[in-house]
Structure formats: structure tokens, C-alpha cells
Amino acid sequence: MVHFVGAGPGAPDLITRRGAALLADADCIIYAGSLVNPALLGLAKPGCAIYNSAEMTLEQVLDTIRAAEKAGGTTVRLHTGDPCLYGAIREQMDALDADGIPYDDTPGVSSFCGAAAALCAEYTLPNVSQTVIITRMEGRTPVPEAEQLAKLAAHGATMVIFLSIGLVDKVQQALLESGGYRPDTPAAVVYKATWPEQRVVRCTVSTLAEETRKNGITKTALIVVGDFLGENYERSKLYDPAFTTEFRQGTEAGQ
Ligand code: SAH
């Protein structure tokens, strides 16, 4: 059996209890390189075989899993954050299906949630944005034409940009291209959210590239953009004394 497990964004106590139990029980752990906190590998039982997938191809990962299966062992495939985002799990799952090897998936706290926590921010503020766009800048890995950053930016919604800090100049340009964001729309770069080395750089769209460079941030960072980082928003209807809900009678007439 193979367990895909989300390791969380970095802090070792942000893995789920289920994920930690699966790690402690595994005969083989294949973890996703430097983005997984090595402290989590300390949960492994004695004799557990541990592999760093940053040095492996898909074929080598699959061969390692097959060998563990053959020996009757359990494998944890440990992905950073939540496996469902940029985790390359689909290709592994399809290969396991072809081999008849069973697997399941345990979610984790994605780094986009870790970044919001670092900022003490709410991505979905009433009358500001009710949408979070999770995306990346096109680099060596292409992005479909309809999802080019400049096109997504046109919505002016809250945006979290993964895997793109090395392309921050292009990111800044694309964000401004369609007019969806203003040059003074707030932005932030969150480096190693929830790790001890965590750093938060607050800026605007027009100072994003400069501030990133000034702070020497070149990897393991998210770029977040939108007026959710600003001052203005409306209070929630849910907790408004006037608003009637299924659980509470509001004061507003006609409700
Ligand atoms: N599945 C992961 C994302 C993997 S892609 C998740 O759910 O978070 C790797 C990218 O995620 C990095 O290039 C960086 O943009 C982002 N990332 C991962 N961990 C991070 C962290 N602790 N702080 C900031 N960004 C992080």
C-alpha cells in the first residue's frame, strides 16, 4: 500500500495526525527534497528506508515503490504542503493503477495557507475579493494560453503565485499588463512560511521585483497579490446583528 501524504508547509507540527501516524508506520519513505522539513523524517521507525525524490526520476520513484510493495512493506510518498498542488501525484497514481498497487491520499496544509497565516490575512474579504487564484508564471513548464498570468490578473482577485519567485520581474510586468491590479495594489512575498527562517516582505505590485531582490529572496517563496492586504473591506453578513441566518434571528425588518 502506498500513502501519499501532505507534509504541510514546513513546521513539523503542521503535518496532520494521520500523516504523522502513517510516517511512523512506514517501511519506506520517499520525500520531496528540501521543501519537506527533515524533522519529519525523525518520525520514521528504525530500519525505514528513506529516499529523497529530488534526486530521482519518476521511474526511479516507481521502482522504489514496487520493490517495497514486493517486500510486503508500506510506502509513504511525502509531498510538500498538500499533494494536490504542483505535486505531480497524478502520474504516480496512474502508474500505480496500471500495476494494481493500492494507494490513498492524506491532505496537508498547503503553503498558500501557511503564507496567509504568516501574514495574518484573510484571502476572501467581503466586497474585496471572494476568489483565490492559485497559479504560477510560465517558465520552463508551460502554462495553458487561457491561464497566462496577465489574463488571470485581469480579474483583480486575490492571487497566490507559486514557483515563480525566480521570474519576479516577469510576474510584476504580467500583473500590471491588463489593469486588473493598480501599481499600488498591495502585494507580499512570503519566504519559507512556517519555517523558523520565515520572512514576510510587504510591498506593492510596482515594487514587487525590487523588494524581492533587495531582500535576497530567490526560492521557496510565494507571491500574494490583492486588496485583501489593504485597509478596506465590509464586515461579514454572517455576524451582522441585522442579518438573519438559520441559527440566529436578525434585527432587520422583513427577514
Ligand atoms: N504542494 C505544495 C506546493 C509545491 S510547489 C503546497 O501545497 O504548498 C513548490 C512551491 O511551493 C515553491 O516553489 C514555493 O512557491 C511554494 N512553497 C512551498 N512551501 C513553501 C513555504 N513554506 N513558504 C513559501 N512558499 C512555499
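Cut-off values and rules
Residues numbered from 1 in each chain as written. Predicted model: local features only at pLDDT ≥ 70, side-chain atom pairs only at ≥ 80, totals over all residues. Heavy atoms only, no water. Disulfide = S-S within 2.5 Å. Buried < 20%, exposed > 50% of the residue type's maximum accessible area, 1.4 Å probe, protein only. Near = heavy atom within 4 Å. Polar contact = N/O pair within 3.5 Å; in protein donor to acceptor, adjacent residues only side chain to side chain. Areas by Shrake-Rupley, 256 points an atom, 1.4 Å probe, with all protein chains shown as cover. 1 Å grid on protein atoms, 1.4 Å probe; cavity = no way out; pocket = protein on both sides within 12 Å on 5 of 7 lines; lining within 4 Å. Sits in = over half its atoms within 2 Å of the grid points. Nonpolar A, V, L, I, M, F, W, Y, C, P; charged D, E, K, R; others polar. Domains from an automatic or database assignment. UniProt positions renumbered as here; feature names shortened; annotations may be inferred. Helix = DSSP H or I, 4+ residues; strand = E, 2+ residues; numbered from the N terminus. Contact = heavy atoms within 4.5 Å. Pairing = 2+ DSSP bridges. Axes fitted to C-alpha atoms, helices over the stretch in contact; angles between N-to-C directions. Parallel < 35°, antiparallel > 145°, perpendicular 65-115°, else oblique. Left-handed = near helix turned anticlockwise from the far one by under 90°.

Taken as a whole and assessed by the stated rule, the structure comprises 0 disulfides. Cysteine Cys28 shares no disulfide, and the gap to the nearest cysteine sulfur, in Cys48, comes to 6.5 Å. Cys28 gets classed as buried once you look at its relative accessible area, which sits at 3%. Considering cysteine sulfurs only, Cys84 is the nearest to Cys113, which forms no disulfide, with 9.7 Å between them.

On to the site of the ligand, then. The immediate surroundings of the ligand are formed by 18 residues, with Pro9, Leu85, Ser111, Ala193 and Ala221 found nearest. Within the backbone of Lys192, an N or O atom sits 3.5 Å from a nitrogen atom of the ligand. A distance of 2.8 Å separates an oxygen atom of the ligand from a polar backbone atom of Ala221. Burial of the ligand by the surrounding chains reaches 94%, relative to a free accessible area of 540 Å². Comparing atom positions with the cavity grids shows the ligand to sit within the largest pocket. Among the residues forming the shell around the ligand, the class breakdown is 11 nonpolar, 5 polar and 2 charged. The residues that make up the shell around the ligand include at least three from each of domain 1 (2-106) and domain 2 (111-229).

UniProt's entry tags residues 1-208 with the feature "domain: Tetrapyrrole methylase" (unreviewed entry), counted in the numbering of this structure. Secondary structure across residues 1-208 divides into 27% helix and 21% strand, with the first and last C-alpha atoms of the span separated by 45 Å.

Relative to the helices and strands, Ser129 is located in the loop between helix H4 (111-119) and strand E6 (132-136). Judged by relative accessible area, Ser129 falls into the buried class, the value being 7%. Within polar-contact distance, the side chain of Ser129 engages the backbone oxygen of Thr131 at 2.9 Å. Reaching out from Ser129, the side chain makes a polar contact with the backbone nitrogen of Thr158 at a distance of 3.1 Å. Those residues in contact with Ser129 that lie beyond four places of it in its chain are Tyr123, Thr124, Ala157 and Thr158.

The next point concerns the sheet that holds strand E8 (residues 186-191). Strand order in the open sheet formed by 5 strands is E6-E7-E10-E8-E9, and the pairing between neighbours is mixed. On the outer flanks of this sheet lie E6 and strand E9 (199-204), each paired with one strand and no other. Averaged over all pairs of adjacent strands, the angle between strand axes in this sheet comes to 20°, irrespective of strand direction.

Okay, the packing of helix H2 (residues 58-70) against helix H3 (residues 90-99) next. Taken N-terminus to C-terminus, the directions of H2 and H3 make an angle of 45°; their axes are 11 Å apart at the nearest point. Viewed along their axes, H2 and H3 adopt a mutual orientation that is oblique. When you trace H2 past H3, the crossing you get is right-handed. Each of Leu58, Val61, Leu62, Ile65 and Arg66 in H2 lies in contact with H3, whose residues at this interface are Glu91, Gln92, Ala95, Leu96 and Asp99. Looking at the contact of H2 with H3 residue by residue, the classes come out as 6 nonpolar, 1 polar and 3 charged.

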